[in-house]
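Listed here are the chains, written in short residue letters.
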Amino acid sequence: MPLNLPSQPGTYCLVFHCSTSSPVTIGKLGTYQIKPGYYCYIGSAFGQGGLKSRITRHLKINKRHHWHLDYLRASLTPLELLYSTDTMKREHQWAELLLKDEHSNIPIKKFGSSDCDCPAHLFYYEVKPRLEFFIAKSLIITDD
Ligand SMILES: [Zn+2]
């Protein structure tokens, strides 16, 4: 079933599940042992095609690694998309909210945050998180 992704610009949080432990090399960030659990990746898409084209790319497993997520993508199953079509870029704000969450951990320092001061835009949860930190719409990608 095709997802009804919005083509407006906006901010997003993709929730993934990982079922196995495996070493993954994330470009210049190095090699990390990825643990089973849940991963939340935060970004924004204010370029052409908006959220639709960015999320479509993130949902595919790309052989060409452009984003940090491309390196990790094959180890993850996408579960849910949370997004906002607010014209304000909220990725750093959302990352800060997840950073402050007592249940989150940073699995890979500076993942997805090369261009900003955030410690990371990727957060790890042992238990599936209830993401009620930010105002967002939700699309279920896969039933976990
Ligand atoms: Zn940031």
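K.L.:
Would you mind showing me how to read the coordination of the zinc ion here?
P.N.:
Angles at a metal have ideal values that depend on geometry: 109.5 degrees with four tetrahedral donors, 90 or 180 degrees with six octahedral donors. Around the zinc ion, the protein contributes the donor atoms H92 (ND1), C116 (SG), C118 (SG) and H121 (NE2), at 2.1 to 2.3 Å from the metal centre. Every donor counted, the four donor atoms about the zinc ion form angles of 104 to 119° at the centre, which fits tetrahedral coordination. Read N to C, the donor residues that coordinate the zinc ion are spaced as H-x23-C-x1-C-x2-H. Overall, the relative accessible area of 15% leaves C116 in the buried class. On the basis of relative accessible area, C118 is assigned to the buried category, the value being 12%.

K.L.:
How should the packing of aromatic side chains be read in this particular structure?
P.N.:
Where two aromatic rings form a pair, the distance of their centres and the angle of their planes describe that pair. Across all of its chains, the model carries four aromatic pairs by this definition. When the ring of Y12 is compared with that of Y41, the centres are 6.3 Å apart and the planes differ by 45°; the resulting orientation is tilted. Taken together, the residues span a long stretch of sequence, with Y12 in strand β1 (residues 10–18) and Y41 in strand β4 (residues 37–45) at a distance of 29 residues. In this structure Y12 comes out as buried when scored by relative accessible area, which is 0%. Classification of Y41 by relative accessible area gives buried; the value is 4%. Judged by centre distance (4.0 Å) and plane angle (5°), the rings of W94 and F134 are stacked. Here W94, found in helix α3 (residues 91–100), pairs with F134, found in the loop between β6 (122–125) and β7 (137–140); they are 40 residues apart in sequence, far enough to count as distant. Classification of W94 by relative accessible area gives buried; the value is 2%. Taken together, the ring pairs in this structure connect Y12, Y41 and F111 into an aromatic cluster.

So, how was this worked out
Residues numbered from 1 in each chain as written. Predicted model: local features only at pLDDT ≥ 70, side-chain atom pairs only at ≥ 80, totals over all residues. Heavy atoms only, no water. Donors = N, O, S within 2.8 Å, 3.2 Å for Na, K, Ca; no water. Tetrahedral: all angles 85-135°; square planar, octahedral: opposite > 155°, others 65-115°. Buried < 20%, exposed > 50% of the residue type's maximum accessible area, 1.4 Å probe, protein only. Phe/Tyr/Trp six-rings, centres within 6.5 Å; stacked < 30°, edge-to-face > 60°. Helix = DSSP H or I, 4+ residues; strand = E, 2+ residues; numbered from the N terminus.

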